[in-house]
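# Structural description and commentary
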Amino acid sequence: MADDAATTDAATETPEEEVEAVQPDELREGIVARFGDLLGDALVDSLIDPGVDLTIRVRTDAWRAAADVARNHLGARYFCFLSAIDWLPSPYGRSMDSEVDTVLAAQAGDVAEPRSSEIVQGTTGGDTRFQVFARVAHLNGDGGFWGITIKADVPDDSLTVESWVPIYAGADWHEREAWEMFGLTFTGHPGLRNIYLPSGFEGHPLRKDYPLLSRMVKPWPGIVDVEPMPTDDEDGDGGGAAAEGSAEGGDS
Amino acid sequence: MTAVTDRRQLQQIAARAADARVNVELETEGMTLNIGPQHPATHGTLRIVARLDGEQVIAAEPVAGYMHRGYEKLSEVRTYAQATALMNRIDWLGSFANEVPFILAAERLMDVEAPPRATHIRTILFEMSRIAHLILFLGDMGVQLGAVTPVFFAFRDREFVLNQIEAATGGRFHPYFDRIGGLKDDLPKGWIADTKAVMEKVRTFCDEIEDVLMGAEIFETRTRGIGVIPPDVAQQYGLSGANLRASGVDWDLRRDNCVGLAYPELDWKVWTHPDGDSFARFWVRLQEVRESTKIIDQLCDGLPSGPIMAKVPRIIKVPAGEAWVSTENPLGEMGYYVVSQGDLTPFRVKIRSASFNNVSITPWLLRGVYVPDIITILASLYFILGDIDR
């Protein structure tokens, strides 16, 4: 069967981690090399998790070209999803593990240290607040199964990238969702309009600076509900389940 | 009943479907038909606005969002354990299967691996939610087309499966049983023998459905050649699961990219069908239920002993990183892209649900079909509204 390569791929993933560290992932390195050939210096960064996954980042102006390369040159004909990330740290409320609710403290005027608003991008880096990312895959056939995550920065001033719809027709709904949830515009999309939210909705809910009203009305109870835990070394294994059981109780 | 395998015949079917899409120029006065949000074929509250010319659909536009719950936003302010309870409710008929990829993504970021017994029980429950889910489809497909009997068989036999899920997890619909590092509990006494008896019943159910529906002339004429999706279109729209396999694409994540579940050790088969029509989608799902019962039988026989929980800290902080994990859920590929910044809560969770992609093809697929076929096509695409709206 054609999937032999993929099956061995999955099988090596868990038991042979040490071996994998030595064995480079030729399939995925080959894919990155092809992207490098076809996109030139528009391929900014890549990350290979050997035997598991592959992520690349391309320059904004090569966003659609990357889709074209993936589909028409490398055979990734399957479109999985397209979405965006807002890398701004949430300016609202207490972080789950901080002792002080920064919003309440700021209102009272005795804020110890304001929460860091430094933007930290994830794997494969980035320069802008918003990033678009999408996943496509090559299903069975000659080369076995592989998938790839493609990322690109979204310019802060225009918040616009090219649409993927001319290449992957299925990107239509995903871009409509990213448009209403993050406020990004996709040039070349056949009709950006609301998909989940009622038309006329103001704001972009998945942006980090969009307040989650239920949290604003009632501060997060998590930190006050948690009783001090017994030390970890008493009972090792059953403990994890028990601790979560009590968390459930507090939640209800 | 044999599948249509002759290539020429298939091309004719596809060409007929394409013709129907083009021949809409005999314009009469148009009419707009509003299907749903409360139609039984919409499995919840999907509304479809169809513009008709006589009996033919010129354009159809699904309207989603009546049930949007904002899980991607909510999970940013919940711990991983709490977010799992949300994920449970995305595709509510196969709840346990929704938890698994999210937990697996967190486990990958934490570099934790569940012990073999937990992995096996996870796989059993995963397949049981698939059976409970697809049994309902098999009965429901009949009732959409006017055959009332199968749905009674379906509800009767699904109950046995749900009882087993309840006996193991305590919840019929929303188990919330999966934990980072393993499972909440071990299986109760006598569960394995009961489960094997239930699998026998499910196989009988499959035979009954085959007797009742397949080969029935009305069922055949209403499903054969209706809603044909060519493989390349299916892939472009990101169709997955049985919808994709019914278009002849041989791809199943359980076999091709099995992460953290016990499938590679088992003997089972991935079924495909070359036609890509509504009948093919029904047929593939029927075979999948049969394969699932085989998988569960094998897992019950070879269940390893040992702990069901790996050693994980009590307060779970997931190290910074990004992980994408997807599994082959009852409706198709379900995946989570989890971004963590080392906090108690995920920084961003992108939920890739199967039905969202499966339904996004409907504007393309419904163009040119006749009104009764809308129902056939929607029923055979099989979606759950929670899985579209998240």
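Below or above, wherever it landed, is the structure these notes cover.

What counts and how
- All residue numbers refer to position in the chain's written sequence, counted from 1.
- Starting at A for chains and at 1 for ligands, labels are handed out in the order in which the entities are written.
- Per-residue local features are limited, in this predicted model, to residues with pLDDT of at least 70; the limit for side-chain atom pairs, both in listing and counting, is 80 or more; totals at the level of whole chains, interfaces and linings are taken over all residues.
- To obtain the side-chain values, all non-hydrogen atoms of the structure were used and water was disregarded.
- By definition, any uninterrupted DSSP run of H or I lasting at least four residues is a helix, any uninterrupted run of E lasting at least two residues is a strand, and each is numbered from the N terminus.
- Contact definition: two residues touch when any of their heavy atoms are within 4.5 Å.
- In this count, Lys and Arg are taken as positive residues and Asp and Glu as negative ones, while His and the chain termini are left out.
- By convention, charge coordinates are those of NZ in Lys, CZ in Arg, CG in Asp, or CD in Glu.
- Residue burial considers only the protein chains on display, and all accessible areas are found by Shrake-Rupley using a 1.4 Å probe.
- Strands are treated as partners if at least two bridges between them are detected by DSSP.
- Interaxial angles span 0 to 180 degrees and are taken between N-to-C directions of axes, which are lines fitted to C-alpha atoms, for helices over the stretch in contact.
- Three labels apply to residues, based on accessible area from a 1.4 Å probe with only protein chains included: buried if under 20% of the type maximum, exposed if over 50%, partly exposed otherwise in between.
- Here the buried area means the combined drop in accessible surface, using a 1.4 Å probe, for two parts upon being joined, counting both sides.
- Any carboxyl oxygen of Asp or Glu that lies within 4 Å of a side-chain nitrogen of Lys or Arg is treated as forming a salt bridge with it.
- As used in this structure description, the phrase polar contact means that two N or O atoms lie within 3.5 Å; if the pair is within protein, one of them must be able to donate a hydrogen and the other to accept it, and residues adjacent in sequence are counted only when both atoms belong to side chains.
- Here is the rule for angles: anything less than 35 degrees is roughly parallel, anything more than 145 is roughly antiparallel, 65 through 115 is roughly perpendicular, and the remaining ranges are oblique.
- Helix crossings get a hand from a simple test, with the near helix turned counterclockwise from the far one by less than a right angle marking a left-handed crossing and a clockwise turn marking a right-handed one.
- We call Asp, Glu, Lys and Arg charged. Ala, Val, Leu, Ile, Met, Phe, Trp, Tyr, Cys and Pro are nonpolar, and the rest, Gly among them, are polar.

## Remarks on the overall build of chain B
Looking only at helices and strands, chain B features 16 helices and eight strands. Across its three principal axes, chain B shows a C-alpha extent of roughly 70 × 45 × 35 Å. Summarising the internal contacts of chain B: among those between residues at least 6 apart in sequence, 73% fall at separations of at least 24. In chain B, which carries 41 positive and 50 negative side-chain charges, the distance between the mean positions of the two groups comes to 5 Å.

## Things to note about the overall build of chain A
Helix and strand content of chain A: nine helices and seven strands. In chain A, of all internal contacts separated by at least 6 residues, the share reaching a separation of at least 24 is 63%. Of the roughly 11900 Å² of accessible surface on chain A, 53% is carried by carbon and sulfur atoms.

## Things to note about the sheet that holds strand β2 (residues 47–53) of chain B
Pairing between the strands of a sheet is mediated by backbone hydrogen bonds and can be parallel or antiparallel. Residues and elements named next belong to chain B. Spatial strand order, β1-β2-β3: three strands in an open sheet with antiparallel pairing. The strands lining the two open edges of the sheet, one partner per strand, are β1 (31–35) and β3 (56–63). Here the average twist between neighbouring strands, direction ignored, is 20 degrees.

## As for helix α15 (residues 371–381) of chain B
Residues and elements named next belong to chain B. Among the 11 residues of α15, nine are classified as buried, and the element is accordingly described as predominantly covered. Here α15 has its buried residues at Asp373, Ile374, Ile375, Thr376, Ile377, Leu378, Ala379, Ser380 and Leu381. Just beyond α15, the residue with positive phi is Tyr382, at close to 55 degrees.

## A short note on the side chain of Gln164 of chain B
As for its placement among the helices and strands, Gln164 of chain B is situated in helix α6 (residues 149–169). Setting aside chain neighbours within four positions, we find Gln164 of chain B in contact with Met128, Trp191, Asp194, Thr195 and Val198 of chain B.

## Notes on the interface of chain B and chain A
Contact with chain B, which involves 62 residues of that partner, is made by 70 residues of chain A. Approximately 5900 Å² of surface area, both sides summed, lies buried where chain B meets chain A, with 54% of it carried by carbon and sulfur atoms. Interface area lost by chain B to chain A is led by Lys73, Gln236 and Arg314 of chain B, which between them contribute 14%. The salt bridge partner of Asp232 of chain B is Arg71 of chain A, with a shortest N-O separation of 3.1 Å. At the boundary of chain B and chain A, one finds 21 residue pairs in polar contact (both at pLDDT 80 or more). In terms of residues, the side of chain B that touches chain A owes the most to one element, helix α13 (residues 354–360) of chain B, which gives four residues.

## Quick word on the packing of helix α12 (residues 278–301) of chain B against α15 of chain B
All names here are of chain B. Between α12 and α15, whose axes approach to 9 Å, the crossing angle comes to 30 degrees. One element, α12, and the other, α15, form an angle in the roughly parallel class. Between α12 and α15 lies a crossing whose hand is left-handed. In this structure, α12 uses Ser278, Arg281 and Arg285 to contact α15, whose residues at the interface are Thr376, Ile377, Ser380 and Leu381. Class assignment of the residues belonging to the contact of α12 with α15 gives a composition of two nonpolar, three polar and two charged.

## A few points about the environment of Trp173 of chain A
Note that Trp173 of chain A resides in helix α6 (residues 171–182). For the pair Trp173 of chain A and Ile195 of chain A, spaced 22 residues apart in sequence, the C-alpha separation works out to 7.4 Å. Discounting chain neighbours no more than four positions away, the residues touching Trp173 of chain A are Ile195 of chain A together with Pro62, Phe356, Val359 and Ser360 of chain B.

## Side note on unusual backbone geometry
Here Leu159 of chain A, not a glycine, exhibits a phi torsion of approximately 50 degrees, which is positive. Here Leu159 of chain A shows up in the loop between β5 (146–154) and β6 (160–162). Take Leu159 of chain A: its relative accessible area is 16%, and that puts it in the buried class. Despite not being glycine, Tyr382 of chain B has its phi angle at roughly 55 degrees, a positive value. Tracing the backbone shows Tyr382 of chain B in the loop between α15 and α16 (385–389).

## Overview of the sheet that holds strand β8 (residues 348–352) of chain B
Residue and element names in this part refer to chain B. With antiparallel pairing, three strands are arranged side by side in an open sheet as β6-β7-β8. Only two strands of the sheet have a single neighbouring strand rather than two, namely β6 (321–329) and β8. Geometrically, the sheet is characterised by an average inter-axis angle of 10 degrees between neighbouring strands, direction not taken into account. By the bridge criterion, five bridges tie strand β7 (residues 332–340) to β8 in an arrangement that is antiparallel. Among the inter-strand pairings, Tyr336 is bridged to a residue of β8, identified as Ile351.

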